Amino acid sequence: MAGILFIISAPSGSGKSTLVSELRKQVSGVDFAISWTTRAPRGSEENGREYHFTTREDFERRIEAGLFLEHAEVFGNLYGTARQSLDEALDSGHDLMLDIDVQGAEQVRSKIAAAVSIFVLPPNPKVLRTRLRNRSRAEGVVNEAELYRRLAAASREIEKYREYSYILINDVLDRAVAQLEAIVLAERFYRNGEPIAYRSRRVLEVAAACLLTNSQERLKPVLEAFGIDGASGQQQLPFGDDPDDD
Ligand code: ADP
Ligand code: 5GP
């Protein structure tokens, strides 16, 4: 059976790593591509588990050797997906999930039109800031400059939401995990005819509600909170929340 390539993107701190890790506990047969990066490991991260950590020189050699399916510079560091991850998933017939930024998603879509892309949004900027800060605290390093860099990038990334097939708003975690699971099961059902083991009709309804075309109402308040014009997809206001009000 042919595996499905899923792309998941979100502003940093929206909760996509958490969602993917919960999904993998619930659904088997989804491999996760471990990206390469030149950024330093955070807190409890281990080389070869969350990322393959490497130097810029080594990363650039890998680009030259054509080892990446896609790569991009994000927050001053290089990140890339090894072609090998895709080859291994194809060989095993497993689905593959790529957690990559909006630039990487664009590159993959242009090469693999059948990829299913999912954009995750936090409910509003204040929640995003709190999550970023809590994560930094949990790791024992609160780097305010890095935090604001990531917050400032959020609206620019959210402007790209229309390029994705599905929209997830990660407010209540259990609900967002159930939606992600429904998307994976529904895509397997439609593409491969794989039966859904339980509550199949409900699963298909949940997935359909997350399609971009069916998400305008849910998206409206989120886009407004980030100062993005729903019609044009462009940012209207600079990132406006008071950094100290949480
Ligand atoms: P990302 O991978 O998008 O950068 P993470 O998965 O690391 O984000 O999540 C950022 C922080 O937010 C983590 O501390 C995580 O535990 C927390 N988090 C994720 N989803 C939720 C949620 N729905 N409600 C509350 N906290 C969440
Ligand atoms: P973080 O440093 O928080 O782990 O990731 C920062 C950003 O880099 C996130 O948006 C994440 O999706 C993105 N990212 C992680 N791996 C890759 C990759 O292999 N390619 C690209 N293009 N982006 C990646």
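The rules behind the values
- Along each chain, residue indices are assigned from 1 in the same order as the chain's sequence is written.
- Here chains are named by letter from A upward and ligands by number from 1 upward, in the order in which they appear as written.
- Thresholds applied to this predicted model are a pLDDT of at least 70 for local features of residues and 80 or more for the giving and counting of side-chain atom pairs; totals over whole chains, interfaces and linings are not thresholded and use all residues.
- Side-chain measures were taken over the full set of non-hydrogen atoms in the model, leaving aside hydrogen atoms and water.
- Starting at the N terminus, helices and strands are each numbered in turn, a helix being any DSSP run of H or I of at least four residues and a strand any DSSP run of E of at least two.
- For a helix, the expected span equals 1.5 Å multiplied by the number of residues minus one.
- Throughout this description, buried means an accessible area under 20% of the type-specific maximum (1.4 Å probe, protein chains only), exposed means over 50%, and partly exposed covers the range between.
- Starting at the helix axis, one direction is taken to each C-beta atom, and the arc is that of these directions.
- Contacts: residue pairs with any heavy atoms within 4.5 Å of one another.
- At least two bridges found by DSSP between two strands are what make those strands a pair.
- In this text, near means that some heavy atom of the residue lies within 4 Å of the molecule or strand in question.
- Whenever a nitrogen or oxygen atom comes within 3.5 Å of another N or O atom, the pair is scored as a polar contact, on the condition that within protein one atom can donate a hydrogen and the other can accept it, and that pairs from neighbouring residues in sequence are kept only if both atoms are in side chains.
- To measure how exposed things are, a 1.4 Å probe is used in the Shrake-Rupley method; for residues, cover is taken only from the protein chains shown.
- Using only the protein atoms, space was sampled on a 1 Å grid; points where a 1.4 Å probe fits but cannot get out form cavities, open sets with protein on both sides within 12 Å along at least five of seven lines form pockets, and lining residues are those with an atom within 4 Å of a point.
- Placement in a cavity or pocket follows one criterion, namely that more than half of the molecule's atoms lie within 2 Å of its grid points.
- As a per-residue measure, pLDDT reflects the predictor's confidence and takes values from 0 up to 100.

Undergrad: What's the story with helix α5 (residues 125-138) in this structure? I'm lost.
TA: Since the α-helix packs 3.6 residues into each turn, any two residues three or four apart lie on the same face. The terminal C-alpha atoms of α5 lie 20 Å apart, and with 14 residues this matches the ideal 20 Å at 1.5 Å per residue to within 8%. Every buried residue belonging to α5 is among Pro125, Leu128, Arg129, Leu132, Arg133 and Ser136, and all of these are buried. When α5 is viewed along its axis, its buried side chains cluster within an angular range of 125° and face the same direction. Of the residues in α5, the exposed ones pointing more than 90 degrees away from the buried face are Arg137 and Ala138. Looking at the buried residues of α5, the elements they touch are α6 (144-158) and α9 (216-225).

Undergrad: Can you walk me through the pairing of strand β5 (residues 68-74) in this structure?
TA: Each regular strand displays side chains that alternate between the two surfaces of the sheet. Within β5, five of the seven residues are buried, which leaves the element mostly enclosed by the surrounding structure. As paired strands, β5 and strand β6 (residues 77-82) are joined by six bridges and run antiparallel to one another. Residue His71 lies in a different strand from β6, and its bridge partner there is Gly80. Counted between consecutive antiparallel strands, the loop separating β5 from β6 contains two residues, among which Phe75 sits at a positive phi close to 50°.

Undergrad: Before we go on, may I ask you to explain the site of ligand 1 in this structure?
TA: As a structural note, the neighbourhood of ligand 1 is formed by 13 residues, with Gly13, Ser17, Thr18, Arg135 and Asn170 the closest of them. Interatomic distance of 2.9 Å between a backbone N/O atom of Lys16 and an oxygen atom of ligand 1. Look at ligand 1: alone it shows 570 Å² of surface, and the protein chains cover 75% of it. Here ligand 1 is seated within the largest pocket. Elements that contribute at least two residues to the shell around ligand 1 include exactly α1 (16-26) and α5. Broken down by element, the residue count for the shell around ligand 1 peaks at three residues, all from α1.

Undergrad: Can you walk me through the site of ligand 2 in this structure?
TA: Lining the immediate environment of ligand 2, one finds 18 residues, of which Ser35, Arg39, Tyr51, Tyr79 and Arg150 sit closest. Note that an oxygen atom of ligand 2 is positioned 2.6 Å from one of the side-chain N or O atoms of Arg39. Between an oxygen atom of ligand 2 and a side-chain N or O atom of Thr81, the distance comes to 3.4 Å. Computed on the free molecule, ligand 2 has an accessible area of 510 Å², of which 97% lies beneath the protein chains in the complex. One can see that ligand 2 is located within the largest pocket. Among the elements of the structure, β5 and β6 are those that each provide at least two residues to the shell around ligand 2.

Undergrad: Would you mind showing me how to read the pairing of strand β8 (residues 116-121) here?
TA: Of all six residues in β8, six are buried; the element is thus mostly enclosed. Neither face of β8 is left uncovered, since the one carrying Val116, Ile118 and Val120 and the one carrying Ser117, Phe119 and Leu121 both have all their residues buried. The pairing of β8 with strand β9 (residues 166-169) spans four bridges and is parallel. Residue pairing in the sheet places Ile118 in a bridge with Tyr166 of β9.

Undergrad: Before we go on, may I ask you to explain the confidence of the model for the protein chain in this structure?
TA: The predicted coordinates of low-pLDDT regions are not to be read in fine detail. On average, residues of the protein chain score 91 in pLDDT, and 93% of them reach the 70 mark or higher. Predicted confidence for residues 237-246 stays below pLDDT 50, and this span has 18 contacts to residues more than four positions away or in other chains.

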